[in-house]
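Read off the chains here:
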Amino acid sequence: MIAEPRFKLRIRAAQRSSAALAALVASCALASSATGSDPADSPPTFTEHVAPIIFRNCASCHRPGEIGPFPLLAYPDVRRRARQIAEVTESKFMPPWHAELGHVEFLSPRVLSEQQIATLRRWFEAGAPEGDPKKLPKPPEFPEGWQLGKPDLVLKMDRPFQLYAEGKDVYRNFVFPLNLPEDKWVRAVEFRPSARSIVHHALFFLDTTGAAREADAAEPEPGFQEKGRLTLRFTPVGGWAVGSNVRVLPEGLAYRYPKDADFVVQTHFHPSGKVEEEQTTIGLYFADQPPKRSFVGIQLPPAFGEISGLDIPAGESHYVVRDAFTLPVEVEAFSVAPHAHYLGKTLTMKARFSDGREQVLLRIPEWDFAWQEQYGFKQRVTLPKGTRLETELVYDNSADNPRNPTSPPVRVRWGPMSTDEMGSITLHVVAAREEDTAVLEEALKDHIADLVIDRALQRPRGNQIVKAMLLRFDRNGDGDIDAEERPELRNFIKNQGWLPGGLNNSF
Ligand code: HEC
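## Overview of the overall build of the protein chain
Link 1 in the chain: Each helix and strand counted, the protein chain has nine helices and 21 strands in total.
Link 2 in the chain: A total of 507 residues make up the protein chain; the buried ones form 49% of that total.
Link 3 in the chain: Relative to all contacts within the protein chain whose residues are 6 or more apart in sequence, the contacts with residues 24 or more apart total 81%.
Link 4 in the chain: In the structure as shown, the protein chain presents an accessible area of about 24300 Å², 51% of it carried by carbon and sulfur atoms.

The following block contains the structure:
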């Protein structure tokens, strides 16, 4: 049976809000005694105090045609929900933001200050007064059409895909032939779903094998369903998640699109209760010249955890996956992107410096599958050679996890469906010296090869043929592949093309 996770979440948001309210009452009391003036003397009004908060922090999603379930623009819209707004902002359910603050500073975090939250609460308690209409700030303007101006290339689905009103979430891959006359460098992609309310997120890939076209042609409906982990053979080139419109790479960086590539979009749909049609449009923005600098995605564990032996027993509430990688060169990190499915609970990536100090790069205390976000750093973070990057992913497969899609819980292993699990955190970096990029990429491949070796040797019932093949490199015959024997075996594995695809430059 598939539970409705969103319904349960709301209950939890309401429960959390009562604790938050108690804390808030305490903090208000403190604030008023400190300033000596009772803030309740002058209740906040919509036009003067509330509209600026809502316009700035809520309206981007809560407006017609956007992901928010209702608009929050005009006074009547906001007044009608004054109580709910006070509750969801106190519980931190809204605005949606999942990364813990206080570590590395993020680019534009979606968070309200405690003071803004208190204003929304006091406004509700004062009866949600409108105030002087002359004080209403200008409603926010959202550019119609393309956010970055006219794209260099526009891709559009040739016919709409119809999604049923109710049922399981759907993953569907759509193929857009690029027909590029030559290799191109792409600095930004704007993804524009036509049915915003059903599109949760989308991943972008490049396919130079023709396999995506073939799979598309084999199904009568537009696009094709993921089979045999096809997309893992494609090159990932970013994605789109609710709350973000355009992903522009930092200054001077770009993705290479080979001239024979097809653009593939894997869209995750969540049915809305009525039949809807999606016909996506995509705008590509080319860079004028090849970038001078390359970037690398350090994904830990690699391949979204495919080779980490993820296998979560039914009912297990604290299942941990770890991975670590020591930087062979100095890098500058500019963003970080976590990924997991419904059972992900706490996701952390830390940098441990050679002097023992540690720095949290990302911590998601309460993972929410709906928000596959990429978190940009306000300033690049320098990580010297020898820094160890450590990720820890904690999963909750118990019945107490309100997001658990299966009730009662079942054993969950690695896989592409949302009821399977995956997990990784990808740190996007530029090598401090461009010529070090190749060293970093090679070290990442070695890391993956090591995981493949360890996993093959550890599994008692693993593939015996593979195991026997690997043990051919066990020169001293001790039944293990030790440090001296590794390099040769790593090279063998890399040359066989055994590494899961799309490991670098993955956004
Ligand atoms: C990045 C997009 C985004 C922003 C910004 C945002 N919301 Fe939302 N909001 C949503 C989505 C999506 C939902 C539906 C969530 C769900 O049902 O799981 C939602 C739901 C809500 C709900 C209904 C909650 C419930 O339990 O049904 C309220 C109330 C709300 N938002 C208020 C706000 C307020 C107030 C702000 C600004 C302080 C805000 N939102 C900012 C996307 C956003």
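## Here we look at the environment of Leu-101
Link 1 in the chain: For Leu-101, the position within the fold is in the loop between helix H4 (82-90) and helix H5 (114-125).
Link 2 in the chain: Separated by 262 residues in the primary sequence, Leu-101 and Arg-363 place their C-alpha atoms 8.4 Å from one another.
Link 3 in the chain: Sequence-distant contacts of Leu-101, that is, excluding residues within four places in its chain, are made with Phe-106, Pro-109 and Val-111.

## Notes on the sheet that holds strand E3 (residues 170-177)
Link 1 in the chain: Taken in spatial order, the four strands of this open sheet run E3-E9-E5-E6, and their pairing is antiparallel. Here the strands that pair on one side only, and so sit at the sheet edges, are E3 and strand E6 (235-241). With strand direction ignored, the average angle separating the axes of adjacent strands in the sheet is 20 degrees.
Link 2 in the chain: Two elements, strand E5 (residues 199-207) and strand E9 (residues 262-269), share eight bridges in a ladder whose sense is antiparallel. Bridge assignment links Ala-202 to a residue of E9, and that residue is Thr-267.

## Observations concerning the pairing of strand E19 (residues 388-395)
Link 1 in the chain: E19 sits mainly inside the fold: six of its eight residues count as buried.
Link 2 in the chain: Across eight bridges, strand E14 (residues 319-326) lies against E19 in antiparallel orientation. Looking at E19, one finds that Val-321 is bridged to Leu-393.

## Some details on the nonpolar core
Link 1 in the chain: Formed by 46 residues in total, the largest nonpolar core has its most connected members in Ile-298, Leu-361, Leu-383, Leu-427 and Leu-440.
Link 2 in the chain: Counting contributing residues per domain, this core is built from domain 1 (5-135) and domain 3 (296-444), each supplying no fewer than three.
Link 3 in the chain: Discounting chain neighbours no more than four positions away, the residues touching Leu-440 are Val-296, Ile-298, Phe-325, Leu-327, Pro-328, Val-329, Val-331 and Val-429.
Link 4 in the chain: Counting 34 residues, the second largest nonpolar core, distinct from the first, contains Leu-178, Tyr-255, Val-265 and Val-430.

## Observations regarding the coordination of the iron atom of the ligand
Link 1 in the chain: On the protein side, the iron atom of the ligand has His-62 (NE2) and Met-94 (SD) as donor atoms, found 2.0 to 2.2 Å from it.
Link 2 in the chain: If you look at the iron atom of the ligand, its six donor atoms make angles of 86 to 179 degrees with each other, and the shape they trace is octahedral. Pair noted here: His-62 is in the loop between helix H2 (46-57) and helix H3 (75-80) and Met-94 is in the loop between H4 and H5, with a separation of 32 residues, a long-range link.
Link 3 in the chain: Met-94 gets classed as partly exposed once you look at its relative accessible area, which sits at 26%.

## Overview of the packing of aromatic side chains
Link 1 in the chain: Going through the model one piece at a time under the given rule, you end up with 20 aromatic pairs.
Link 2 in the chain: Relative to Phe-377, the ring of Phe-106 lies with its centre 6.2 Å away and its plane at 20 degrees, an arrangement referred to as stacked. Placement of Phe-106 in the loop between H4 and H5 and of Phe-377 in strand E18 (residues 375-383) is noted, with a sequence separation of 271 residues between them. Each member of the pair, Phe-106 together with Phe-377, is buried.
Link 3 in the chain: With 6.1 Å between their ring centres and 75 degrees between their planes, Phe-295 and Phe-334 make a pair best called edge-to-face. One end of the pair, Phe-295, is in the loop between strand E11 (281-286) and strand E12 (296-300); the other, Phe-334, is in strand E15 (residues 331-340), with 39 residues separating them in the sequence. Here Phe-295 and Phe-334 have matching classes, each one buried.

## Description of the pattern of salt bridges
Link 1 in the chain: Applying the stated criterion across every chain, the model contains 32 salt bridges.
Link 2 in the chain: Taking the shortest distance from any N to any O, the salt bridge between Arg-293 and Glu-434 comes out at 3.0 Å. Separated by 141 residues along the polypeptide, Arg-293 in the loop between E11 and E12 and Glu-434 in the loop between strand E21 (423-431) and helix H7 (437-458) bring together distant segments of the chain.
Link 3 in the chain: Of the residues examined, Arg-293 reaches a relative accessible area of 28% and is grouped as partly exposed.

## Overview of the sheet that holds E21
Backbone-to-backbone hydrogen bonds pair the strands of a sheet. The strands run either parallel or antiparallel.
Link 1 in the chain: Ordered by their spatial adjacency, four strands build an open sheet running E12-E21-E15-E18, and the pairing between neighbours is antiparallel. Sheet topology places E12 and E18 at the edges, where each strand pairs with a single neighbour. Each strand of the sheet is rotated relative to its neighbour by a mean of 30 degrees, with strand direction disregarded.
Link 2 in the chain: Two strands pair when backbone bridges link them, and E15 and E21 are joined in this way by nine bridges, in the antiparallel orientation. By the bridge assignment, Ala-333 is partnered in E21 with Val-429.

## Concerning unusual backbone geometry
Link 1 in the chain: Each neighbour pair has its own omega, and for Met-94 with Pro-95 the value is -15 degrees, a cis peptide bond.
Link 2 in the chain: You can see Pro-95 is positioned in the loop between H4 and H5.

Rules of the game
Residues numbered from 1 in each chain as written. Predicted model: local features only at pLDDT ≥ 70, side-chain atom pairs only at ≥ 80, totals over all residues. Heavy atoms only, no water. Helix = DSSP H or I, 4+ residues; strand = E, 2+ residues; numbered from the N terminus. Buried < 20%, exposed > 50% of the residue type's maximum accessible area, 1.4 Å probe, protein only. Contact = heavy atoms within 4.5 Å. Areas by Shrake-Rupley, 256 points an atom, 1.4 Å probe, with all protein chains shown as cover. Pairing = 2+ DSSP bridges. Axes fitted to C-alpha atoms, helices over the stretch in contact; angles between N-to-C directions. Core = buried A, V, L, I, M, F, W, Y, C linked by side-chain atoms within 4.5 Å. Domains from an automatic or database assignment. Donors = N, O, S within 2.8 Å, 3.2 Å for Na, K, Ca; no water. Tetrahedral: all angles 85-135°; square planar, octahedral: opposite > 155°, others 65-115°. Phe/Tyr/Trp six-rings, centres within 6.5 Å; stacked < 30°, edge-to-face > 60°. Salt bridge = Lys/Arg side-chain N within 4 Å of Asp/Glu carboxyl O.

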